[in-house]
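For reference, the chains in residue letters:
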Amino acid sequence: MKENFTIRHDWSKEELLGIYQQPLLELVYHAAQVHRDWQPKNEIQISTLLSIKTGGCPEDCSYCGQAARYHTGINVQSLLPTEEVIKHAQKAKETGSTRFCMAAAWREVRDNRDFDRVIDMVKGVNALGLEVCCTLGMLTEGQAIRLQEAGLYAYNHNLDTSEEFYEEIISTRTFDQRVDTINQVRKAGITVCSGGIIGLGERLEDRISMLRTLANMEVHPESVPINALARVPGTPMETMPKVDVWDMVRMIATARIIMPSSMIRLSAGRMEMSESEQAWCFMAGANSIFSGDRKTLLVTDNPGWDEDVQLLNTLGLKPMTTKKMQACNIS
Ligand code: SAM
Ligand code: DTB
Ligand code: SF4
């Protein structure tokens, strides 16, 4: 079988290092070929992200503006009313999003009234025909099943960094707990969205190790977000250097080559990238972005919908309709 058409789950560290460290143009050329073989050309999935519960989180993730222990000056907000969330989802659909991701600054889901409300949100967004995604922290088996039954399409739970570097970044939970939740999501029949962040002070080996954990999962995550650290004032990471765009391009290209059938999401970091730099990321195999009318990700800035329409027009890219929407004949 042609190399580009094989899905593998047995990547070695040396192989991944070899891919990542190739001369940049070779790497991007290879990634673009894999992209052509596996993904619809010239299409970018637009996802809208909404923070449904903001700040006050008990975890100590050292990059995060929502951890209660850092003084980041954000507006803490309890769980939004369901109707307000559905209105945002409707608006997202009207402006071309096919996926709607609801994020909560929770360590884990608790079986309480707030979770009941999230279940209602999932049902409401699903009824609009959007791919509905949640990122709510750790989940038990029963909670994953409830979300699946409510119509949840995807669950985002990032590895964030390598197993080896993990405790330098987060001390209030372990890498294994992260993997456990991903396994619960997979077992419940929800698609997995999992990736990580670069720019946390990790070594090249850590980036490779994180990618290797993702690519050697029994089933690859259907969606792999690659985030450049958004440096939030007040967090321990606020003075880290800006991520080099070529590092983002290398991460994306490597992810594209080793997980050819996955959506690779150019996530946090676009605010500090020019149009040409984003175009490099698309050439390297990114085919999904967060966009929307709110010009924010969770607590940091993001380009707004108008700028992204212009970007897509300039590059001749079109918003992707999803498999789910094609099946329901919804546009
Ligand atoms: N609390 C849940 C959790 O941690 O899984 C869900 C929300 S959390 C904000 C979702 C993901 O956003 C994190 O896992 C991390 O990868 C990413 N993220 C958070 N803050 C970030 C930052 N400052 N820069 C880049 N990515 C960030
Ligand atoms: C992901 O990988 N990136 C998004 C989404 N999943 C939830 C979050 C990015 C957050 C960036 C910093 C902020 O605005 O808080
Ligand atoms: Fe909490 Fe998630 Fe932020 Fe960590 S990344 S502090 S778990 S909101």
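About the thresholds
Residues numbered from 1 in each chain as written. Chains lettered and ligands numbered in written order. Predicted model: local features only at pLDDT ≥ 70, side-chain atom pairs only at ≥ 80, totals over all residues. Heavy atoms only, no water. Near = heavy atom within 4 Å. Polar contact = N/O pair within 3.5 Å; in protein donor to acceptor, adjacent residues only side chain to side chain. Areas by Shrake-Rupley, 256 points an atom, 1.4 Å probe, with all protein chains shown as cover. Nonpolar A, V, L, I, M, F, W, Y, C, P; charged D, E, K, R; others polar. Axes fitted to C-alpha atoms, helices over the stretch in contact; angles between N-to-C directions. Helix = DSSP H or I, 4+ residues; strand = E, 2+ residues; numbered from the N terminus. Parallel < 35°, antiparallel > 145°, perpendicular 65-115°, else oblique. Left-handed = near helix turned anticlockwise from the far one by under 90°. Contact = heavy atoms within 4.5 Å.

### Quick word on the site of ligand 1
Then step 1. What surrounds ligand 1 is a group of 17 residues, the closest being Tyr63, Asn158, Asp160, Arg178 and Ala230.
Then step 2. One of the side-chain nitrogen or oxygen atoms of aspartate 160 is found 2.5 Å away from an oxygen atom of ligand 1.
Then step 3. With respect to ligand 1, the backbone of alanine 230 contributes an N or O atom lying 2.9 Å from a nitrogen atom.
Then step 4. Starting from 550 Å² of accessible surface for ligand 1 in isolation, the protein chains cover 90%.
Then step 5. A breakdown of the residues in the shell around ligand 1 according to their chemical character gives 10 nonpolar, five polar and two charged.

### Details of the site of ligand 3
Then step 1. Looking at ligand 3, the residues that line it are Cys57, Glu59, Cys61, Tyr63, Cys64, Ala67, Ala105, Trp106 and Arg173.
Then step 2. Looking at side-chain class alone, the shell around ligand 3 contains seven nonpolar, no polar and two charged residues.

### Digging into the packing of helix H9 (residues 245-258) against helix H10 (residues 275-283)
Then step 1. Two numbers describe how H9 lies on H10: the axes approach to 8 Å, and their chain directions differ by 20 degrees. One element, H9, and the other, H10, form an angle in the roughly parallel class. Along this stretch, H9 crosses H10, giving a crossing that reads as right-handed. On H10, the residues touching Val245, Trp246, Val249 and Ile252 of H9 are Glu277, Trp280 and Cys281.
Then step 2. Taken together, the residues that form the contact of H9 with H10 break down as six nonpolar, no polar and one charged.

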